[in-house]
Amino acid sequence: MARQLPPTASPDDTPKGDPWHAFGYVVSGVAFYGLAGWALDRWLGTTFLVAIGILIGAGFGIYMTWARFNKASASQDKPVGD
């Protein structure tokens, strides 16, 4: 019986980026803007800015993740010689 070799990965099968970067962007955005919202809540005497900060941080983290992975896939799709 002939020995079969495992299939090699085509360029389309390779991962486009590290998922830990996506996790890091979202967590750091939530932490940073949540902390900023908490500080503004303490300074202004309000109670809602921490929630707004967390939501804005999550939004920025998701946007940064999208921008990074979109840039990575665009550079991989670029033809050789450009």
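Computed from a predicted model, the values in this text were never measured in an experiment.

Here is what the cut-offs are and how they apply
Residues numbered from 1 in each chain as written. Predicted model: local features only at pLDDT ≥ 70, side-chain atom pairs only at ≥ 80, totals over all residues. Heavy atoms only, no water. Helix = DSSP H or I, 4+ residues; strand = E, 2+ residues; numbered from the N terminus. Buried < 20%, exposed > 50% of the residue type's maximum accessible area, 1.4 Å probe, protein only. Contact = heavy atoms within 4.5 Å. Areas by Shrake-Rupley, 256 points an atom, 1.4 Å probe, with all protein chains shown as cover. Phe/Tyr/Trp six-rings, centres within 6.5 Å; stacked < 30°, edge-to-face > 60°. UniProt positions renumbered as here; feature names shortened; annotations may be inferred. Patch = residues over 30% accessible without salt bridge, like charges linked within 9 Å, V, L, I, M, F, W, Y side chains within 5 Å. Salt bridge = Lys/Arg side-chain N within 4 Å of Asp/Glu carboxyl O.

S.K.: Describe the overall build of the protein, with residues and values.
M.R.: Within the protein one finds two helices and zero strands. A total of 82 residues make up the protein; the buried ones form 13% of that total. Contacts in the protein between residues at least 24 apart in sequence constitute 61% of all its contacts with a sequence separation of at least 6. Looking at the protein as shown, the accessible area adds up to about 6900 Å², and 68% of this sits on carbon and sulfur atoms.

S.K.: How would you explain the packing of aromatic side chains if you had to name every residue and give the values?
M.R.: What describes a pair of aromatic rings is the distance from one ring centre to the other and the angle between the planes of the rings. Taken as a whole and judged by the stated rule, the model has four aromatic pairs. Seen from their ring centres, Trp 20 and Phe 23 are 5.5 Å apart, and the 90 degrees between their planes marks the pair as edge-to-face. With a gap of three residues between them, Trp 20 and Phe 23 both fall in helix 1 (residues 19-44), about one helical turn apart. We classify Trp 20 as exposed; its relative accessible area is 61%. On the numbers, 6.1 Å between centres and 35 degrees between planes, the contact of Tyr 63 with Trp 66 is tilted. Of this pair, Tyr 63 and Trp 66 both sit in helix 2 (residues 49-77), three residues apart, roughly one helical turn. For Tyr 63, a relative accessible area of 48% corresponds to the partly exposed category.

S.K.: Mind laying out the UniProt feature "transmembrane region" (unreviewed entry) in the protein, listing which residues take part and the relevant values?
M.R.: Here, the residues flagged by UniProt with the feature "transmembrane region" (unreviewed entry) are residues 20-40 and 47-66. Between the end C-alpha atoms of residues 20-40 there is a gap of 30 Å, over a span that is 100% helix and 0% strand. For residues 47-66, the end-to-end C-alpha separation is 31 Å, with 90% helix and 0% strand making up the annotated structure.

S.K.: Give a description of a nonpolar patch on the surface that names residues and reports values.
M.R.: Together, Phe 48, Ile 52, Ile 56 and Phe 60 make up a nonpolar patch on the protein surface, roughly 370 Å² of accessible area in all. Structurally, the position occupied by Ile 56 is in helix 2. With relative accessibility at 41%, the residue Ile 56 sits in the partly exposed group.

S.K.: So what's going on with the side chain of Thr 65? Which residues, and what values?
M.R.: On the secondary structure map, Thr 65 appears in helix 2. For Thr 65, a relative accessible area of 14% translates into the label buried. If sequence neighbours within four positions are ignored, Thr 65 has contacts with Ala 22, Tyr 25 and Val 26.

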